[in-house]
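One letter stands for each residue in the lines below.
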Amino acid sequence: MTATSIFFYACAALAVVSALAMLLNVRNTVASALCLVVTMISLAGVFLVLDAYLIAALQIMVYAGAIVVLFIFVVMLLNLRHDAFAPNRLIPVKFLACLLGVWALVRLAPLFARYLPDPATLPEGFGGYRHVGLALYTDFVLTFEVASFLLLGAMVGAVMLAKRRLD
Amino acid sequence: MELETILKTAFILAVVVLTFAPIITWVERKQSAVMQDRIGANRADLGGITLLGLLHPLADVVKLIFKEDVVPRGANRFMHLLAPVIAAVPAIIAYAVIPFGGSYAYGDRIVNLVVADVDWGVLYIFAIGSIAAYGTVISGWASNNNWSLLGSLRASAQVISYEVTMGLSLVGIFMVFQSLSMFEMGLAQDTTIRLFGFLEHFGWVDDIGFLGFLQIPNWGIFLQPLGFLMFFTCAIAENKRAPFDCPEGESEIIAGYHLEYSGMRFGLFYMSEFIEIVVIAGLITALFLGGWSIPYLPQATLIGGIAPVFGDYFATSICMILHVVSFFAKVIVVIYLQMAMRWSLPRFRYDQIMDLCWKILLPLSVANVIVTGGLMLVFGVGV
């Protein structure tokens, strides 16, 4: 194994473990949110190995750096305890769903392995800001604009909701 | 890892963490003493030798290491111990992408004086800067103290807000230099531009004659003056220093998010603030003040002037040393500016800090991007 693949497996394992820790940790919500941060950062590491440098940097800046901080803000202020949640019902159903999921994974894994495409050869400058920027503002400019309109709409909606409380 | 990388890393750590940071703590004390008409730090004494108080950083370290490391009752022990590390590490590793010298050819071997010359260097700085915010968030929450929590809320809201403007204020400089790599920006700033060159460009005058001698260095601060001011403001706000020091407030929330820390864990918070001062100075130097370049003396001219007399290797080495000295001289100037600001400006109120960010700096930085783009179109640069 090369250093790159060791780094990849370390990041991937950390992402999975911290994601599981986030889900299974019901005692402490802040710790759960911090596990989400670790997941985001290790995903950035995975992107880094895949030569997607811009995405890796954005993953940390936007997800770990901005979005989850806001989550933690809210969670910290609410200071939720275990008893603040509804009691855990439907345990048999959840257990069944888990079994079903594992069974599906076992059945599907060989299919995925068979039809996995060969790794593509990367063009020059792949994953850099030039490449991504050019693609975003030429080939996918319509999608980009549609997404920005959606965001603008969401922003106006959020301001309206907040203002109604103030007025 | 190569030997060269290890040497460069060791050099940067030795200069920034072990030399600049302790001396800045002394400078800050001395300067506050001068501003407040006191004598200042001069009591640390080794057998009668005080060195104008320069022994104080040493005494501080000894004191902090031997103090008891208290974890308050009811605190989340693991998080409480982890938070100062998260706050300090990003400050220390930021210098990896800041070039402290140029590119020097020794025969076939090229020496670039930057630890990691990555193509997306500025993004790396922003990414690790946003991780540093977790140090303040976690420390406030894990201390189980309401004043700490309030301090960390103030700190993280301020840091997140100013991060946005800080990124946008740099877009102009990315456009001008057509790069995100600080090394490439440094290379581009090692030239000069003619102040009246635009007369020729638009065909108003055929030859500007002697006016062509009026040149300014091709530095970011001349190409993006507004960007420089906004970035400097945001950087100081990011570092939570006066006049943006609302996360701390003796009369309202005491020491803010690091209220419950003692010993060397408090020392890490303290140290990271001073290392960040050096990081900000390095960033401003690399982006806006020409990096390592010496104004009006490009590298080729410098080496070409010395090489015929002393030989290529010696000339390149002299050039390298001069460039590193030039870089750190500029860094010291910017550090001094930050220090002087602390004791000369009154403190902002918290709503003023937020207003300044969202209502003044953010629209200005977007306008700066648009104006820069328009000017580049008119002048036909980088199109």
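Since the model is a prediction, treat every value here as computed from it, not as a measurement.

Some words on the overall build of chain A
Thought 1: Looking only at helices and strands, one finds six helices and zero strands in chain A.
Thought 2: Over its C-alpha atoms, taken along the principal directions, chain A stretches across nearly 55 × 50 × 30 Å.
Thought 3: The buried share of chain A, taken over its 167 residues, is 20%.
Thought 4: The contacts in chain A between residues at least 6 apart in sequence include a share of 61% that link residues at least 24 apart.

Section: the overall build of chain B
Thought 1: Each helix and strand counted, chain B has 13 helices and four strands in total.
Thought 2: Taking 2.2 N^0.38 as the reference for a compact globule, 383 residues should give roughly 21 Å; the C-alpha atoms of chain B span a radius of gyration of 23 Å, in line with that estimate.
Thought 3: Projected onto its principal axes, the C-alpha positions of chain B cover 75 × 50 × 45 Å.
Thought 4: Across the 383 residues that make up chain B, the buried fraction comes to 42%.
Thought 5: Put simply, of all contacts in chain B between residues at least 6 apart along the chain, 78% involve residues at least 24 apart.

What about the packing of helix H10 (residues 263-288) of chain B against helix H12 (residues 312-344) of chain B?
Residues and elements named next belong to chain B.
Thought 1: Between H10 and H12, the shortest axis-to-axis distance is 8 Å and the interhelical angle comes to 120 degrees. On the basis of the axis angle, H10 is oblique to H12. When you trace H10 past H12, the crossing you get is right-handed. Here Ile 277, Val 278, Ile 280, Ala 281, Gly 282, Ile 284 and Thr 285 of H10 come into contact with H12, specifically with Phe 327, Lys 330, Val 331, Val 334, Ile 335 and Gln 338.
Thought 2: Of the residues in the contact of H10 with H12, the class split is nine nonpolar, three polar and one charged.

Quick notes on the pairing of strand S1 (residues 103-106) of chain B
All names here are of chain B.
Thought 1: Pairing of S1 with strand S2 (residues 109-112) involves four bridges; the strand directions are antiparallel. Within S2, the residue paired with Tyr 106 across the bridge is Arg 109.
Thought 2: With antiparallel pairing between neighbouring strands as the criterion, S1 and S2 make up a hairpin whose turn holds two residues, including Gly 107 at a positive phi of roughly 65 degrees.

Describing unusual backbone geometry
Residues and elements named next belong to chain B.
Thought 1: Unusually for a residue other than glycine, Asp 37 sits at a positive phi of about 60 degrees.
Thought 2: Its place among the elements puts Asp 37 in the loop between helix H1 (3-35) and helix H2 (56-66).
Thought 3: The class for Asp 37 is exposed, based on 7 C-beta atoms found within 10 Å.
Thought 4: The backbone phi angle of Gln 178 is positive, close to 55 degrees, even though this residue is not glycine.
Thought 5: As for its placement among the helices and strands, Gln 178 is situated in the loop between helix H5 (146-177) and helix H6 (182-188).

Describing the interface of chain A and chain B
Thought 1: Each side of the interface is counted separately: chain A has 15 residues, and chain B has 16 residues.
Thought 2: Elements with a contribution of two residues or more to the side of chain A that touches chain B: helix H2 (29-49) and helix H3 (53-78) of chain A.
Thought 3: Counting residues per element, the side of chain A that touches chain B draws most heavily on H3 of chain A, at eleven residues.
Thought 4: For the side of chain A that touches chain B, the class distribution of residues is 13 nonpolar, two polar and no charged.

Some remarks on the nonpolar core
Thought 1: Counting residues in hydrophobic clusters, the biggest one holds 114 residues, and the most contacted among them are Ala 57 of chain A together with Phe 231, Ile 275, Val 278 and Ile 284 of chain B.
Thought 2: Considering each element in turn, this core owes the most residues, 15 residues, to H10 of chain B.

Thoughts on the environment of Val 71 of chain B
All names here are of chain B.
Thought 1: Tracing the sequence through the fold places Val 71 in the loop between H2 and helix H3 (77-93).
Thought 2: Between the alpha carbons of Val 71 and Pro 308 there is a distance of 65 Å; along the sequence they are 237 residues apart.
Thought 3: Excluding residues within four positions of it along the chain, Val 71 makes contact with Arg 77 and His 80.

Focus on the packing of helix H9 (residues 225-238) of chain B against helix H13 (residues 350-379) of chain B
Residues and elements named next belong to chain B.
Thought 1: Orientation of H9 relative to H13, taken along the N-to-C sense of each, is 150 degrees, at an axis distance of 11 Å. On the basis of their axis angle, the class for H9 and H13 is roughly antiparallel. The interaxial crossing formed by H9 with H13 has left-handed handedness. Contacts between H9 and H13 pair Leu 226, Gly 227, Met 230, Thr 233, Cys 234 and Ala 237 from the former with Ile 353, Leu 361, Leu 364, Ser 365 and Asn 368 from the latter.

Focus: the environment of Lys 30 of chain B
Residue and element names in this part refer to chain B.
Thought 1: Note that Lys 30 resides in helix H1.
Thought 2: Its 20 C-beta neighbours within 10 Å are what place Lys 30 among the buried residues.
Thought 3: Distance from Lys 30 to Met 320, taken between C-alpha atoms, is 33 Å for residues 290 residues apart in sequence.
Thought 4: Setting aside chain neighbours within four positions, we find Lys 30 in contact with Gly 40, Ala 41 and Gly 53.

A look at the confidence of the model for chain B
All names here are of chain B.
Thought 1: In the predicted model, chain B carries a mean pLDDT of 84, and the fraction of residues at 70 or more is 99%.
Thought 2: For chain B, per-element mean pLDDT is lowest for helix H7 (residues 197-201), which scores 73, and highest for H9, which scores 90.
Thought 3: Predicted complex, confidence summary: ipTM 0.76, pTM 0.85.

A word on the confidence of the model for chain A
Thought 1: Counting all residues, the mean pLDDT for chain A is 83, and 90% of those residues have values of 70 or more.
Thought 2: Of all the helices and strands in chain A, H3 of chain A carries the lowest mean pLDDT, 83, while helix H6 (residues 141-166) of chain A carries the highest, 89.

Criteria and thresholds
- Residues numbered from 1 in each chain as written.
- Chains lettered and ligands numbered in written order.
- Predicted model: local features only at pLDDT ≥ 70, side-chain atom pairs only at ≥ 80, totals over all residues.
- Helix = DSSP H or I, 4+ residues; strand = E, 2+ residues; numbered from the N terminus.
- Buried ≥ 20, exposed ≤ 12 C-beta atoms within 10 Å, placed from the backbone.
- Contact = placed C-beta atoms within 7 Å.
- Rg over C-alpha atoms; globule rule 2.2 N^0.38 Å.
- Axes fitted to C-alpha atoms, helices over the stretch in contact; angles between N-to-C directions.
- Parallel < 35°, antiparallel > 145°, perpendicular 65-115°, else oblique.
- Left-handed = near helix turned anticlockwise from the far one by under 90°.
- Nonpolar A, V, L, I, M, F, W, Y, C, P; charged D, E, K, R; others polar.
- Pairing = 2+ DSSP bridges.
- Core = buried A, V, L, I, M, F, W, Y, C linked by C-beta atoms within 7 Å.
- pLDDT = per-residue confidence, 0-100.

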